[in-house]
Amino acid sequence: MKKLGAIFLLSLCGLFLLAAVTSLPRMGDPENPTNSLVVPRYLEKGLRETGCRNTVTAILLSYRGYDTMMEMVVLFTALAAALAILGRESLETCCETFVLPSLLVRMVVVIFVPLFLAFALYVITHGFTTSGGGFQGGVIVATTVIIYTLVFGLDEMVKRISPGVRMVLESSAILSFMLVGLLGIALGGNFLITTTPTLGLSDFLRRAILLLLEVSIGLASGAVIISLFCLLKKVERG
Amino acid sequence: MSLIYFLVPFLLVIAVATVFTRDLLAAVIIFSAYSLIMAVVWQQLGAPVLALAEVAIGAGVTVVLFVVAVCRTTREEKV
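Residues numbered from 1 in each chain as written. Chains lettered and ligands numbered in written order. Predicted model: local features only at pLDDT ≥ 70, side-chain atom pairs only at ≥ 80, totals over all residues. Heavy atoms only, no water.

Draft legend 1. Focus on the overall build of chain A. Secondary structure assignment for chain A yields nine helices and zero strands. Its helices and strands taken in sequence order, chain A reads α-α-α-α-α-α-α-α-α from the N to the C terminus. The buried share among the 238 residues of chain A stands at 35%. Within chain A, contacts between residues at least 6 apart in sequence are counted, and of these 69% link residues at least 24 apart. Per element, the accessible surface of chain A, about 13800 Å² overall, is 73% carbon and sulfur. (Helix = DSSP H or I, 4+ residues; strand = E, 2+ residues; numbered from the N terminus. Buried < 20%, exposed > 50% of the residue type's maximum accessible area, 1.4 Å probe, protein only. Contact = heavy atoms within 4.5 Å. Areas by Shrake-Rupley, 256 points an atom, 1.4 Å probe, with all protein chains shown as cover.)

Below is the structure:
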């Protein structure tokens, strides 16, 4: 009887959902508002209205500024939850002997880590002209640091990027992003609209603000991922 | 376009293999291959931003986090 009730309730839910699906606009219909209004607006006016040289960046950093900010908040919240459960690693607890891998592995990592970091810097700083951007660049930085940690051990990494530095990076990045966004409102536009040419900011200033946004996104994502990795490594050694 | 017709069936095979592999470490490594192929598909579909993110996150960070997590588990059944 219980099972029958469950089946009945589930099929009722399914019917409601299907009814909702039928009233949705058809997928890929050129008459949809997203296709008839939003896409032409972004493609035709996006570059001029936002002052970016790349439509994807124009959408991410100007039209959908709230989305990008909330993504950073999601990352931050995930880290906060992990920290609340596991606790941050500290310099005192790291005193275990670590067996270094062979000379070959170490030399390859020593040679390639600066190149990876240079590539990450390129991806971050060219975010508003080419594809890529803060988030991708930040993750590349994090991946590089993780490779370094896997080869040289957690102690060596924590000595170079201390938990305190990461703590500041994680929070200040999101705060700077929000401040730039609110600056747009203060200047009389929408959230994150500081990059638009119509507000009268100079070209150099707009570029600087865009760069600041990209760097802050990169720092936030990179620092959060490095911290998550450190948490797991700390748990691993017990 | 022809590359996609070759890659997508391959993607399906990898996805099924990820689910049915009993060894967790092997499953994670197959999953990273999935992300790598997916990145090529994104690039072929004209989404380089997404491809870059997929390579960095899917094939890079996620796999490392998964491996570190798998190292904490113990094996209770025969593979």
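Draft legend 2. The overall build of chain B, seen in detail. The number of helices and strands found in chain B is three helices and zero strands. Helices and strands in chain B line up, N terminus first, as α-α-α. Of the contacts made within chain B by residues no fewer than 6 positions apart, 56% connect residues no fewer than 24 positions apart. Surface exposure of chain B reaches about 5000 Å², of which carbon and sulfur atoms provide 72%.

Draft legend 3. Structural context of the interface of chain B and chain A. Counting residues at the interface gives 13 residues for chain B, matched by 17 residues for chain A. Taking both partners together, chain B and chain A bury about 1400 Å²; carbon and sulfur atoms supply 84% of that area. Inspection of the chain B/chain A interface yields zero salt bridges. Counting across the chain B and chain A interface gives one residue pair in polar contact (both at pLDDT 80 or more). Residue composition of the side of chain B that touches chain A, grouped by class: 11 nonpolar, one polar and one charged. (Buried area = accessible area lost by both parts, 1.4 Å probe. Salt bridge = Lys/Arg side-chain N within 4 Å of Asp/Glu carboxyl O. Polar contact = N/O pair within 3.5 Å; in protein donor to acceptor, adjacent residues only side chain to side chain. Nonpolar A, V, L, I, M, F, W, Y, C, P; charged D, E, K, R; others polar.)

Draft legend 4. Representation of the packing of aromatic side chains in the model. Enumeration according to the criterion identifies five aromatic pairs over all chains in this entry. With a centroid separation of 6.4 Å and an interplanar angle of 25°, the aromatic rings of Phe119(A) and Tyr122(A) are classed as stacked. Placement of both Phe119(A) and Tyr122(A) in helix α5 (residues 103-125) is noted, with a separation of three residues, approximately one turn of the helix. The class for Tyr122(A) is partly exposed, based on a relative accessible area of 42%. Between Phe31(B) and Tyr34(B) the ring centres are 6.1 Å apart and the planes differ by 5°, which places this aromatic pair in the stacked class. Of the two residues, Phe31(B) and Tyr34(B) are both situated in helix α2 (residues 24-44); the distance of three residues between them amounts to about one turn of the helix. Looking at Phe31(B), the relative accessible area reads 29%, which means it is partly exposed. For Tyr34(B), a relative accessible area of 25% corresponds to the partly exposed category. (Phe/Tyr/Trp six-rings, centres within 6.5 Å; stacked < 30°, edge-to-face > 60°.)

Draft legend 5. Structural view of the pattern of salt bridges. Residue and element names in this part refer to chain A. This model, assessed by the stated rule, comprises two salt bridges over all chains. Arg160 is paired through a salt bridge with Glu156; the nearest N and O atoms lie 3.1 Å apart. Placement of both Arg160 and Glu156 in helix α7 (residues 154-160) is noted, with a separation of four residues, approximately one turn of the helix. Sharing partners across several salt bridges, the network here consists of Glu156, Lys159 and Arg160.

Draft legend 6. View of the side chain of Ser227(A). When you line up the elements, Ser227(A) lands in helix α9 (residues 203-237). Ignoring sequence-local partners within four residues, the contact set of Ser227(A) consists of Leu79(A), Arg88(A), Arg166(A) and Glu170(A).

Draft legend 7. Region of the structure containing the environment of Val55(B). All names here are of chain B. Tracing the backbone shows Val55 in helix α3 (residues 48-71). For the pair formed by Val55 and Ser32, sequence separation is 23 residues and the distance between their alpha carbons is 9.0 Å. When sequence neighbours within four positions are dropped, the list of residues in contact with Val55 reads Ala39 and Gly60.

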